[in-house]
Amino acid sequence: MIIAVANQKGGVGKTTTVVNLGTALARKGKTVLCIDFDPQANLTSYVACEPGEETVATVMRAAALFQPADLGAAVCRSDKFGFDFLPADLRLSEADIYLATAMS
Ligand SMILES: Nc1ncnc2c1ncn2[C@@H]1O[C@H](COP(=O)(O)OP(=O)(O)OP(=O)(O)O)[C@@H](O)[C@H]1O
Ligand SMILES: [Mg+2]
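Throughout, a residue's number is its position along its own chain's written sequence, starting from 1. By the order in which they are written, chains take letters starting at A while ligands take numbers starting at 1. Owing to the predicted nature of the model, reporting of local features is limited to residues with pLDDT of at least 70; listing and counting of side-chain atom pairs is limited to 80 or more, with chain, interface and lining totals taken over all residues. Note: side-chain values were computed over all heavy atoms of the structure, leaving out hydrogens and water.

A word on the site of ligand 1. Only a single heavy atom is needed: when it lies within 4 Å of a molecule or strand, its residue is near that molecule or strand. The full set of residues close to ligand 1 is Gly10, Gly11, Val12, Gly13, Lys14, Thr15, Thr16, Asp38, Gln40 and Asn42. Two N or O atoms count as a polar contact when they lie within 3.5 Å, although within protein this holds only if one can serve as hydrogen donor and the other as acceptor, and sequence-adjacent residues are included solely when both atoms are side-chain atoms. Contact between ligand 1 and Gly11: an oxygen atom at 3.0 Å from a main-chain N or O atom of the residue. Gly13 has a polar backbone atom sitting 3.0 Å from an oxygen atom of ligand 1. Per-residue and other accessible areas were derived by the Shrake-Rupley procedure at a 1.4 Å probe size, with only the shown protein chains allowed to occlude residues. In isolation ligand 1 offers 640 Å² of accessible surface; the protein chains occlude 46% of this area. For the shell around ligand 1, the element with the highest residue contribution is helix 1 (residues 14–27), accounting for 3 residues. Tallied by class, the residues present in the shell around ligand 1 amount to 1 nonpolar, 7 polar and 2 charged. Strands here are runs of E lasting at least two residues and helices are runs of H or I lasting at least four, both read from the DSSP assignment and numbered beginning at the N terminus. When residues are grouped by polarity, Ala, Val, Leu, Ile, Met, Phe, Trp, Tyr, Cys and Pro land in nonpolar, Asp, Glu, Lys and Arg in charged, and all others, Gly among them, in polar.

Printed below as a string of structure tokens:
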């Protein structure tokens, strides 16, 4: 099952919802992967993830350019919250540019 938490309005509880929903589902025994799709990377900070070079930003860019991506290298594990986690970083803010190019 894929659950997307999205709202254009800021500060309405998106990140908080993802942390709590992800934690609750993991405690129920589900295997959970939380993906931070926000260039602000608040969720990444919240779970205290120190991303390496590979993040959702590099994975997205590679996908848009039909290049291979090392998804496994990008995924982190949060033992505190009990879920796997794909961190974001500011480079994700470039996605609208290369996605528009890739789709034209
Ligand atoms: N159910 C709630 N009740 C009270 N406060 C809440 C609730 N959910 C979130 N908050 C608070 O609201 C603020 C904004 O929450 P959050 O960061 O999750 O929003 P967001 O939609 O992800 O924001 P942004 O658009 O900046 O990414 C935080 O201070 C959070 O602690
Ligand atoms: Mg947020």
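Now for the side chain of Thr23. Counting through the fold element by element, Thr23 comes out in helix 1. For Thr23, a relative accessible area of 13% gives the class buried. We call two residues in contact whenever any of their non-hydrogen atoms come within 4.5 Å of each other. Excluding anything up to four places from it in sequence, Thr23 contacts Phe81 and Phe83. In this scheme, a residue with accessible area under 20% of its type's maximum is buried, one over 50% is exposed, and one in between is partly exposed, where area comes from a 1.4 Å probe on protein chains only.

This next bit is on the packing of aromatic side chains. Each aromatic pair joins two rings of Phe, Tyr and Trp (for Trp, the six-membered one) with centres within 6.5 Å, and gets the label stacked for planes under 30 degrees apart, edge-to-face for over 60, and tilted for any other angle. The tally for this structure, following the rule as stated, stands at 2 aromatic pairs. Taking the centre distance of 6.0 Å and the plane angle of 40 degrees together, the rings of Tyr46 and Phe81 count as tilted. One end of the pair, Tyr46, is in helix 2 (residues 42–46); the other, Phe81, is in the loop between strand 2 (76–78) and strand 3 (83–86), with 35 residues separating them in the sequence. Between Phe81 and Phe83 the ring centres are 5.7 Å apart and the planes differ by 20 degrees, which places this aromatic pair in the stacked class. Residue Phe81 shares its accessibility class with Phe83, and that shared class is buried. Clustering of aromatic rings is evident, with ring pairs tying together Tyr46, Phe81 and Phe83.

All right, on to the pattern of salt bridges then. The working definition used for a salt bridge is a side-chain nitrogen of Lys or Arg within 4 Å of a carboxyl oxygen of Asp or Glu. Counted by the stated rule, this structure contains 5 salt bridges. Taking the shortest distance from any N to any O, the salt bridge between Arg77 and Asp84 comes out at 3.3 Å. A relative accessible area of 23% places Asp84 in the partly exposed class. Between Asp89 and Arg91 there is a salt bridge, and its shortest N-O distance comes to 2.8 Å. What makes Asp89 buried here is its relative accessible area of 15%. In this structure, a network of salt bridges that share partners links the residues Glu53, Asp89 and Arg91.

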